[in-house]
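Listed below are the residues making up each chain.
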Amino acid sequence: MKDGPDIARIGSLIGDPARANILGALLSGKALTATELAGEAGITGQTASSHLKKLVEGGLLAQAKQGRHRYYQLAGPEVASVLEAVMGLAARKGHLRVRTGPRDPAMRAARVCYDHLAGDMAVRIFDSMQARGFLQVTNDKGGLGLTDRGETFICDAGINLATLKSTRRPLCRACLDWSERRSHLAGSLGAALLDRFQHNGWVRRAKSGRTVHISPKGDAELRKLFPVENPVQS
């Protein structure tokens, strides 16, 4: 491809194993220091600094200084979307890194994808909203929007749609879930739903990593709020 966007540069930035681990760690949505990211990637601090510089220059990471510490985070939700999509493609093609342990089932059940919910429960929410006619395709590129019924449902759930619509960020977006290999809900609405679930005490983010713990009450309430008649088995 001689003209147009340089996808080779983005691909090379993501493709390095150490940088891939750094980017994966930042999918939690939290800002981390170079030392913390070096630990996540299993590399020295000096090597991490070199990788972080490349990722910042490539526009994939943003940095902020607070006191003596410099923090790094993903440059925005579009970066998280690309990473989750690439992870989904890798999973479908069988390119998996097997890590055994109790965290695997928890990560598949519910985790954070930058600022919205991913995993089995997130896919259930998307399927339920779609089946009940709350979501609609808005253009030939697969853009999503809320129907009138969907807007009523979201407002009844205690979310201020007017505030979400006032931002430049897309309200609804389908994000390919790497573990379920189907879509979950992203965009400003996806982020607002996760915030609401946390406010209600239904879910709680782990202190580190991406895992989201759903309380027994939260599981019951979410299944009641987002019923699925014939859930698809993964």
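Residues numbered from 1 in each chain as written. Predicted model: local features only at pLDDT ≥ 70, side-chain atom pairs only at ≥ 80, totals over all residues. Heavy atoms only, no water.

**Q** Any chance you could break down unusual backbone geometry for me, citing the residues and the numbers?
**A** Despite not being glycine, Tyr114 has its phi angle at roughly 70 degrees, a positive value. Locating Tyr114 in the fold gives a position in the loop between β4 (111-113) and β5 (116-118). (Helix = DSSP H or I, 4+ residues; strand = E, 2+ residues; numbered from the N terminus.)

**Q** Residues and numbers for the environment of Ile154, please.
**A** Mapped onto the elements, Ile154 comes out in helix α8 (residues 148-156). Considered as a pair, Ile154 and Leu189 are 35 residues apart in the sequence and their alpha carbons are 8.9 Å apart. Residues contacting Ile154, with those up to four places away along its chain left out, are Met129, Leu146, Ile159, Leu161, Leu189 and Leu193. (Contact = heavy atoms within 4.5 Å.)

**Q** Requested: an account of the packing of helix α3 (residues 34-41) against helix α4 (residues 45-57), with residues and values cited.
**A** When two helices pack together, their arrangement is given by the angle between the helix axes and by the axis-to-axis distance. Look at α3 against α4: their axes get within 9 Å of each other, and the N-to-C directions meet at 100 degrees. Looking at the two axes, α3 sits roughly perpendicular to α4. Between α3 and α4, the contacting residues are Ala34, Leu37 and Ala38 on the first element and Gly45, Ala48 and Leu52 on the second. A per-class count over the contact of α3 with α4 returns five nonpolar, one polar and no charged. (Axes fitted to C-alpha atoms, helices over the stretch in contact; angles between N-to-C directions. Parallel < 35°, antiparallel > 145°, perpendicular 65-115°, else oblique. Nonpolar A, V, L, I, M, F, W, Y, C, P; charged D, E, K, R; others polar.)

**Q** Can you explain the pairing of strand β3 (residues 69-74)? Please cite residues and give values.
**A** With two bridges joining them, strand β1 (residues 32-33) and β3 adopt antiparallel strand pairing. Each residue of the ladder has a partner; that of Leu32, found in β3, is Tyr72. Summarising the sheet, strand β2 (residues 61-66) and β3 pair through six bridges and their orientation is antiparallel. Paired with Lys65 across the two strands is Arg70, which belongs to β3. The antiparallel hairpin formed by β2 and β3 contains two residues in its connecting segment, where Gly67 sits at a positive phi of about 65 degrees. (Pairing = 2+ DSSP bridges.)

**Q** Summarise empty space enclosed by the protein; cite the residues concerned and give the values.
**A** A complete count under the given rule lists one cavity of 30 Å³ or more for this structure. Roughly 80 Å³ of volume is contained in the largest cavity. Contributing to the lining of the largest cavity are His116, Leu117, Ala122, Ile125, His184, Leu185, Gly190, Leu193, Leu194 and Phe197. Mapped by element, the contributors of at least two residues to the lining of the largest cavity are β5, α7 (120-131), β9 (183-186) and α10 (187-199). No other element matches the four residues that α10 contributes to the lining of the largest cavity. Of the residues assigned to the lining of the largest cavity, the class counts are seven nonpolar, three polar and no charged. (1 Å grid on protein atoms, 1.4 Å probe; cavity = no way out; pocket = protein on both sides within 12 Å on 5 of 7 lines; lining within 4 Å. Points joined across faces, edges and corners; volume = space filled by probe spheres on them.)

**Q** Provide a residue-level description of a positive patch on the surface, including the pertinent values.
**A** Residues Arg92, Lys93, Arg108 and Arg181 make up a contiguous surface patch of positive charge. Mapped onto the elements of the fold, Lys93 is located in the loop between α5 (77-92) and α6 (103-109). In this structure Lys93 comes out as exposed when scored by relative accessible area, which is 58%. (Patch = residues over 30% accessible without salt bridge, like charges linked within 9 Å, V, L, I, M, F, W, Y side chains within 5 Å. Areas by Shrake-Rupley, 256 points an atom, 1.4 Å probe, with all protein chains shown as cover. Salt bridge = Lys/Arg side-chain N within 4 Å of Asp/Glu carboxyl O. Lys, Arg positive; Asp, Glu negative; His and termini not counted. Charge placed at Lys NZ, Arg CZ, Asp CG, Glu CD. Buried < 20%, exposed > 50% of the residue type's maximum accessible area, 1.4 Å probe, protein only.)

In short, the description is geometric, and any link to function would need to be established separately.
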